[in-house]
Amino acid sequence: MSSDYLLEIEDLHTSIYTDDGVLRAVNGVNLRIPKGTIVGLVGESGCGKSMTARSIMRLLRHPARIDSGRILFGGKDLTTLTDKEMREISGRDISMIFQEPMTSLNPVLKVGFQVEETLRVHGLAASKEEAKRKVIEMFERVGIPEAEKRYSAYPHELSGGLRQRVMIAMAMILKPKLLIADEPTTALDVTIEAQILRLMRDLCKESGMSVLIITHNLGVVAEICEYVYVMYAGYIVEHAPIFDLFDYPRHPYTKGLMASIPRIGGNPEYLYTIPGVVPNLLHLPEGCPFSLRCSAAEEECRKTLPELVRTDEDHFSRCVKACGEQSLEGRAYGAGRE
Amino acid sequence: MKSVMKRLIGMIPVFIGVMLLIFVLLRVVPGDPVQVLLGEHYSQDTIDRLTKAMNLDKPVFEQFLLYLSGVFHGDLGMSYVMKKPVTSLIMEALPQTVILALMASTFAWFVGIGSGIIAAIKQNKAPDHIFMGFSLAGISVPVFMSALFLQYVFSFKLKLLPLSSDGSLKSLILPAIALGWNSAGSVARLTRSNLVDALQADYIDTAKAKGLTNRAVIFGHALRNSMLPVITLMAIQLSSMMSGAVVTESIFAIPGVGRLATNAIQTRDMPLLQGTVLLTTVMVIFGSLLADILYSVIDPRIRREA
Ligand SMILES: Nc1ncnc2c1ncn2[C@@H]1O[C@H](COP(=O)(O)OP(=O)(O)OP(=O)(O)O)[C@@H](O)[C@H]1O
Ligand SMILES: [Mg+2]
């Protein structure tokens, strides 16, 4: 395999074995993250983005589990590592920021301690003083004012933005190779969001880290991503470099997402929304999962799931209408379905 | 510390209210203390004199005030039956009861918290079902049943431990287990359910994502959060064990406060009964104060507010 990619997800299937049946949250996802780039994963709520992230971090909870697929990180398949091997990678080589800064920090421990713990687990704190110094330094880098004082603050004493900065400090203190940020700014207001995104971009550029940023907000994607994957009902439906995607969206779902971005000066009365809702992943329709909501859907769309086809250099779309040339044979794209 | 003082001062009205309640309740129950004290055949004159000496001829409210002022001076009156100051009777009996309650609590906490943790970690697996089965039994079996059962097995059959108290610590082991059994059950269940909840929290994922071992995640992150309600329960139980000791002390013939109370009831010894009930009340009040203090030590959110 080429070593340009830090992370390669190959034909990942993750399901939740609920009492009501098997919920296919991730359906044959292929996703690659080149070294030193910021890759976005977008899609509406409930389409399996977090499940994908949790599969990578091995944070799936019962009754969810990975059915098949490989997650190659620096050539190693994370799905086959022992718990111990995975623990060594977690926090040091791959770290994660979660959606909810309000609940992602332990309420009864000082934030400084919680960040320091990352150092200590990986045996990278020589002494108590040194660890503390490193944490305070990191706090300063992520823009926490009065870092020294904040070191011994409890989470409830910090605002949402500060808490998310603490989370970022925690995730970045060991300079991981990959940062997974699951909706890092969803819970924050717009000004804080912009600050946090800028911070993540700068830190990424500084340290050559790769980032997988998960969001349902195309604005966030436009702000910092270089490459974007669009996910729908557990499938990757389109992926392309950022400018390609915004200039020439191929998949009707991506087009719908673009059309529903509110524009300044636009009439809110005419704000577009994609009709319908994400189908219940317990009962996925035959054929293209988006066919139920797609205005261009034809008979054919409801029967067979289209392959991901290349439409341009590095631009792929899972739609029969995508004016693509050749479908990708051999690779697992779309093939992992029963 | 300031908040503790505030809490203590705030408890004074509660304390007086409780004493009033006890005082009134004990006056409502039938049985003339003078008659109890003297028996059948005494002249009206003697009865009158004694009534006067015991302040029983004064209005009830004045009696209460007199009693109250006595209490604040450490004087709980004279026991009618034992003819000794109630205070000294209680002080003699108290150590036995305190030791018993402490032993029972220690048993309940270790067994309860320990099995609660194991059950939570092995959630829905065999150890969980076994421990929770035991704890349900612990909660539902009354003290006298478990006491008799323990006596039968460990004293009568196995002859490992004495059947009743001889003043030694060893002889308090069975009573402590019998008394602690109930609490162990409820502590176990509360520990388990809180720990299970805590393990679902978002910050657990954060901790795991750092690369912490399961053990570190459970003991360093989840347990602390789940212990808050358990500590409240434990502190309150420590004090309620003092009252729970009534049954245990009778069964194992332990000369503690519980036995004193039983005797007082049987002989209608009002001052003594009043004194023992008062002691229990104070214990409960201090138990909840202790719970609050511990709570604020563990939970920083409360500490700052106080
Ligand atoms: N514990 C669970 N039990 C049952 N279904 C679940 C569970 N967790 C997630 N799901 C379902 O799995 C699907 C994918 O969820 P996931 O959290 O990956 O969505 P998402 O794309 O991250 O959405 P969001 O933007 O809301 O975070 C959803 O349909 C959700 O309802
Ligand atoms: Mg999510």
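Our structure's up above, just so we're on the same page.
Notes on the structure follow. (Residues numbered from 1 in each chain as written. Chains lettered and ligands numbered in written order. Predicted model: local features only at pLDDT ≥ 70, side-chain atom pairs only at ≥ 80, totals over all residues. Heavy atoms only, no water.)

In this section: the overall build of chain A. For chain A, the count of helices and strands is 10 helices and 12 strands. Here the C-alpha atoms of chain A give a radius of gyration of 21 Å, agreeing with the 20 Å that 2.2 N^0.38 yields for 338 residues. With the C-alpha coordinates aligned to their principal axes, the bounding extent of chain A is approximately 65 × 50 × 40 Å. A fraction of 64% describes how many contacts in chain A between residues 6 or more apart in sequence connect residues 24 or more apart. Of the roughly 14900 Å² that chain A leaves accessible, carbon and sulfur atoms contribute 51%. Averaged over its 40 positive side-chain charges, chain A has a centre that lies 4 Å from the centre of its 46 negative ones. (Helix = DSSP H or I, 4+ residues; strand = E, 2+ residues; numbered from the N terminus. Rg over C-alpha atoms; globule rule 2.2 N^0.38 Å. Contact = heavy atoms within 4.5 Å. Areas by Shrake-Rupley, 256 points an atom, 1.4 Å probe, with all protein chains shown as cover. Lys, Arg positive; Asp, Glu negative; His and termini not counted. Charge placed at Lys NZ, Arg CZ, Asp CG, Glu CD.)

Residues and elements named next belong to chain A. Pairing is antiparallel in the open sheet, where four strands are placed in the order β2-β1-β4-β5. The two strands at the open ends of the sheet, each matched to only one other strand, are β2 (21-34) and β5 (76-77). Where strand β1 (residues 5-18) meets strand β4 (residues 64-73), eight bridges bridge the pair, whose relative direction is antiparallel. Across the sheet, residue Ser15 finds its bridge partner in β4, namely Arg65. Strands β1, β2 and β4 of the sheet are contacted by helix α1 (residues 49-57), whose axis makes an angle of about 110 degrees with β1. (Pairing = 2+ DSSP bridges. Axes fitted to C-alpha atoms, helices over the stretch in contact; angles between N-to-C directions.)

Bringing the site of ligand 1 into the picture now. Residues and elements named next belong to chain A. What surrounds ligand 1 is a group of 14 residues, the closest being Ser45, Gly46, Ser50, Met51 and Glu183. The side chain of Ser50 places a nitrogen or oxygen atom 2.6 Å from an oxygen atom of ligand 1. With respect to ligand 1, the backbone of Met51 contributes an N or O atom lying 2.8 Å from an oxygen atom. In isolation ligand 1 has 640 Å² of accessible area, and contact with the protein removes 65% of it. Of all the elements in the fold, those that place two or more residues in the shell around ligand 1 are β1 and α1. Its residues assigned to classes, the shell around ligand 1 comprises five nonpolar, six polar and three charged. (Near = heavy atom within 4 Å. Polar contact = N/O pair within 3.5 Å; in protein donor to acceptor, adjacent residues only side chain to side chain. Nonpolar A, V, L, I, M, F, W, Y, C, P; charged D, E, K, R; others polar.)

Turning to the side chain of A:Thr215, a few remarks are in order. Residue and element names in this part refer to chain A. Structurally, the position occupied by Thr215 is in strand β8 (residues 210-215). Residue classification places Thr215 among the buried positions, given a relative accessible area of 4%. Within the structure, Thr215 has its side chain in polar contact with the backbone nitrogen of Asn217 (distance 2.7 Å). In contact with Thr215, other than residues within four places in its own chain, are Leu41, Val42, Gly43, Lys49, Glu183, Val220 and Val221. (Buried < 20%, exposed > 50% of the residue type's maximum accessible area, 1.4 Å probe, protein only.)

Residues and elements named next belong to chain A. The mixed open sheet is built from eight strands, whose spatial order is β6-β7-β8-β3-β9-β10-β12-β11. For this open sheet the edge positions go to β6 (94-97) and β11 (309-312), each flanked by a neighbour on one side alone. The mean angle between the axes of side-by-side strands here comes to 20 degrees, regardless of whether they run parallel or antiparallel. One ladder, built from four bridges, connects β6 with strand β7 (residues 178-182); its direction is parallel. Note that in β7 the partner of Met96 across the bridge is Ile180. Each of β6 and β7 touches helix α6 (residues 160-172); the most contacted strand, β6, lies at about 175 degrees to it.

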